[in-house]
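Overview (structure and organization)
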Amino acid sequence: MTALAFRKEIHKAIDNIESEQLLKAVYIILNEELKHKKESIKPFTLEEFYARNNQSQKEIKQGKLIAHKTIKKTFATK
C-alpha cells in the first residue's frame, strides 16, 4: 500500500471513530510525530553551528569519512 493510500484509509478510519478516548490516543500519537519532525528541522544557533563544524573538522582529520557512493546506495533503497 502506498503512503497516499495509507493516508486515505487513516482519514476514513478517523472519520468513523466515535470513541473520544480512541480519538485522543490517535491525536497523541500523531502529535508526537509532528513534534519530532518540527524539532528535527529547527535551525542551528550560531553556537550550535560552530560546535557542529568543529566536530566535523575533527572527524574529517581522523579520516571518519563515508564515500558518496555509499550514501547514495543507502538512500536509494529507501
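Structure shown above.
Anyway, here's the lowdown on the structure attached to this text. (Residues numbered from 1 in each chain as written. Predicted model: local features only at pLDDT ≥ 70, side-chain atom pairs only at ≥ 80, totals over all residues. Heavy atoms only, no water.)

Details of the overall build of the protein chain
Helices and strands together make up the secondary structure of the protein chain, namely four helices and zero strands. Start at the N end of the protein chain and walk to the C end: the helices and strands fall as α-α-α-α. In summary, the protein chain has a C-alpha radius of gyration of 20 Å against a globular reference of 12 Å for 78 residues, an excess of more than 25%. Overall size of the protein chain, expressed as C-alpha extent along the three principal axes, is 60 × 30 × 15 Å. For the protein chain, the proportion of its 78 residues judged to be buried stands at 1%. With the model as given, the accessible surface of the protein chain reaches about 7,900 Å², and the carbon-plus-sulfur share is 60%. Across the protein chain, the centroid of the 16 positively charged side chains sits 13 Å from that of the 10 negatively charged ones. (Helix = DSSP H or I, 4+ residues; strand = E, 2+ residues; numbered from the N terminus. Rg over C-alpha atoms; globule rule 2.2 N^0.38 Å. Buried < 20%, exposed > 50% of the residue type's maximum accessible area, 1.4 Å probe, protein only. Areas by Shrake-Rupley, 256 points an atom, 1.4 Å probe, with all protein chains shown as cover. Lys, Arg positive; Asp, Glu negative; His and termini not counted. Charge placed at Lys NZ, Arg CZ, Asp CG, Glu CD.)

Here's the deal with the environment of A67
Along the chain, A67 falls in the loop between α3 (46–61) and α4 (68–76). The spatial distance from the C-alpha of A67 to the C-alpha of R52 is 20 Å, given a sequence separation of 15 residues.

A word on the pattern of salt bridges
A complete count under the given rule lists one salt bridge for this structure. One salt bridge connects E9 with K12, and the closest N-O pair in it is separated by 3.4 Å. Taken together, the positions of E9 and K12, both in helix α1 (residues 3–16) and three residues apart, correspond to about one turn of that helix. (Salt bridge = Lys/Arg side-chain N within 4 Å of Asp/Glu carboxyl O.)

Some remarks on α1
Helical periodicity: at 3.6 residues per turn, an α-helix aligns residues three or four positions apart in one direction. In a regular helix each residue adds 1.5 Å, so 14 residues correspond to 20 Å; α1 covers 20 Å between its end C-alpha atoms and thus fits that length. A small share of α1 lies buried, amounting to zero of its 14 residues. (Expected span 1.5 Å × (residues − 1).)

So, a nonpolar patch on the surface
There is a patch of nonpolar side chains on the surface, built from F44, L46, F49 and Y50 and spanning about 450 Å² of accessible area. If you trace the backbone, F44 turns up in the loop between α2 (20–40) and α3. Among the residues examined, F44 registers a relative accessible area of 49% and is labelled partly exposed. (Patch = residues over 30% accessible without salt bridge, like charges linked within 9 Å, V, L, I, M, F, W, Y side chains within 5 Å.)

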